[in-house]
Amino acid sequence: MATDATAAGTISIAGRTVPRMGFGAMRLPGSKDPAAVLRRSVELGVRVIDTAWFYGGGVVNQYIAEALRPYPADLVLATKTGASTTHVGQGIKPDYSAEQLRAGIDRDRSVLGLDTVPLTHLRWMGDGDEVDGVTFDQAFETMLEIQAEGRIEHIGLSNVTFDQLRRAHARGPVASVSNLFGYGAQDDAPTLDFCTENGIPYLAFGPHGYGVTDTPPLEPGQTAAQARLKWLLARSPVTVVIAGTGSVEHLEENIAAAG
Ligand SMILES: NC(=O)c1ccc[n+]([C@@H]2O[C@H](COP(=O)([O-])OP(=O)(O)OC[C@H]3O[C@@H](n4cnc5c(N)ncnc54)[C@H](OP(=O)(O)O)[C@@H]3O)[C@@H](O)[C@H]2O)c1
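Residues numbered from 1 in each chain as written. Predicted model: local features only at pLDDT ≥ 70, side-chain atom pairs only at ≥ 80, totals over all residues.

Let's talk about the overall build of the chain
Heads up, the condition is: In this description a helix means any DSSP run of H or I spanning at least four residues, a strand means any run of E spanning at least two, and both kinds are numbered starting from the N terminus. The reference for a compact globule is 2.2 Å times residues^0.38; the radius of gyration itself is calculated from the C-alpha atoms. Burial is judged by counting other C-beta atoms within 10 Å of a residue's own C-beta: 20 or more means buried, 12 or fewer means exposed, and anything between counts as partly exposed, with every C-beta placed from the backbone. Here contacts are defined at the residue level, using C-beta atoms placed from the backbone and a cut-off of 7 Å between them.
Counting secondary structure elements, the chain contains 8 helices and 12 strands. Computed over the C-alpha atoms, the radius of gyration of the chain is 17 Å, within 12% of the 18 Å expected from 2.2 N^0.38 for a compact globule of 259 residues. Seen along its three principal axes, the alpha-carbon backbone of the chain occupies a region of about 55 × 40 × 35 Å. Here the chain, with 259 residues, has 45% of them falling under the buried criterion. The long-range share in the chain, meaning contacts at least 24 apart out of those at least 6 apart in sequence, stands at 72%.

This is the structure:
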């Protein structure tokens, strides 16, 4: 298999046409050399990097800025907001107040060194539709206001239910969805199918299953990890792989799945 992200085909996200083989940066704090992993991903054609200001207690965005600036013009840095910025390094505490939604976005802009972040997901963490008196719909309205202020370019949704997506999609443009989905975890299929019907990019996190070892039948020469990622790409034209790793070897193996 060729080690080239562009072999996965392309998709339009946040106004850029990019390969559907992306990269998830959450595992970088466990890496021996985060900069090498990041630089190799971009060298191999990756143009979607999923991150969050709270990953690694705040260090992951620093790794990205140090390794990749000046960024390629078509790089989609996909971030998240919806956590308390005063709880860095003490676990992630959901907070959907307008003040904290803005604070997370401003932290991204400052650490990543960007006037505007291309894509910011409203990351929902509640079991229901309301967290500490703020409803999902109110939080989405605030995201639209923050976008109108020019702080973010495009709004995505993460960890959302099918119903939340449908409501937000009816209210304003939803640029992407990032939910848990993979061969071993297909409960979110209705959301993915809605995204497929509406042309909404779907950044699937946890494609290696979080301990679920279910794997599609292997093609000759394919590893289990590659089979899962190739299955994900074949599942829908809107899926985007954001598999996470802290290892250059695993990164290359994952990107080669695109072939
Ligand atoms: N929106 C959200 O709420 C949310 C939640 C969770 C994650 N995410 C994003 O989604 C990305 C992916 O999720 P994830 O990292 O949790 O899960 P994942 O990609 O399914 O799995 C990552 C794990 O698999 C291992 N791995 C990766 N490639 C491998 C390979 N080729 N062979 C063997 N093991 C391999 C990694 O270890 P090594 O480091 O040793 O390779 C790591 O332990 C994250 O990086 C993050 O950006 C988003």
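What to know about the site of the ligand
For clarity, the threshold we go by: A residue counts as near a molecule or strand when its C-beta atom, positioned from the backbone, falls within 6 Å of it. In this classification, the charged set is Asp, Glu, Lys and Arg, the nonpolar set is Ala, Val, Leu, Ile, Met, Phe, Trp, Tyr, Cys and Pro, and all remaining amino acids, among them Gly, are polar.
As a structural note, the neighbourhood of the ligand is formed by 24 residues, with Gly24, Met26, Phe205, His208 and Gly244 the closest of them. Counting residues per element, the shell around the ligand draws most heavily on helix α8 (residues 248–256), at 3 residues. Of the residues belonging to the shell around the ligand, the class tally is 7 nonpolar, 13 polar and 4 charged.

Some words on helix α3 (residues 98–112)
Under the convention used in this document: Between the first and last residue of a helix there are one fewer steps than residues, each counted as 1.5 Å, and that sum is the expected span. The arc in question is traced by the directions running from the helix axis to the C-beta atoms.
Between its first and last C-alpha atoms α3 spans 21 Å; for 15 residues at 1.5 Å apiece the expected length is 21 Å, and the two agree. Of the residues making up α3, those classed as buried are Gln100, Leu101, Gly104, Ile105 and Asp108. All buried residues of α3 fall inside an arc of 140 degrees around its axis, so they share one side. Among the exposed residues of α3, those pointing more than 90 degrees away from its buried face are Glu99 and Ser110. Those residues of α3 that are buried are in contact with α2 (59–68), β5 (76–81), β6 (117–123), α4 (136–148) and β9 (152–158). A positive phi of about 75 degrees marks Gly113, the residue just after α3.

Considering the pairing of β9
Our working definition: One bridge is not enough; two strands pair if DSSP finds at least two bridges between them. Looking down the strands as they point away from you, a crossover is right-handed if its path from the first strand over the helix to the second goes clockwise.
With 6 of 7 residues buried, β9 is to be regarded as a mostly interior element. In the sheet, β6 pairs with β9 via 6 bridges, with the strands oriented parallel. Bridged to Arg123 within β9 is Ser158. Examined bridge by bridge, β9 and strand β10 (residues 176–178) share 3 bridges and lie parallel to one another. In the strand pairing of β10, Ser158 is matched with Ser178. Assessed by its sense of winding, the connection that carries the chain from β9 through helix α5 (residues 162–171) to β10 is right-handed.

Let's talk about the environment of Glu66
The residue Glu66 is located in helix α2 in this model. Through-space distance from the C-alpha of Glu66 to that of Thr239 is 29 Å; in sequence the pair is 173 residues apart.

Quick look at unusual backbone geometry
Along the chain, Arg69 connects to Pro70 via a cis peptide bond; the corresponding omega equals -5 degrees. Positionally, Pro70 belongs in the loop between α2 and β5. Positive phi, normally seen in glycine, also occurs at Asp132, with a value near 50 degrees. Within the secondary structure, Asp132 is located in the loop between β7 (130–131) and β8 (134–135). Residue class for Asp132 comes out exposed when judged on the 10 C-beta atoms lying within 10 Å of it.

Comments concerning the packing of helix α1 (residues 34–43) against α2
Filter applied, for reference: Simply put, an axis is a line fit to the C-alpha atoms, just over the touching stretch for a helix, and the angle between two N-to-C directions goes from 0 to 180 degrees. Here the word oblique covers every angle except those under 35 degrees (roughly parallel), over 145 (roughly antiparallel) and from 65 to 115 (roughly perpendicular). Crossings are sorted by hand: turned counterclockwise from the far helix by less than a right angle, the near helix makes the crossing left-handed, and turned clockwise it makes it right-handed.
Packing of α1 against α2 brings their axes to within 9 Å, and their N-to-C directions diverge by 60 degrees. Judged by the angle between their axes, α1 and α2 are oblique. Relative to α2, α1 is oriented so that their crossing is right-handed. Across from Pro34, Ala35, Leu38, Arg39 and Val42 in α1, the residues of α2 making contact are Tyr63, Ile64, Glu66, Ala67 and Leu68. Considered class by class, the residues forming the contact of α1 with α2 number 8 nonpolar, no polar and 2 charged.

Function-wise, these values are silent; they only describe arrangement.
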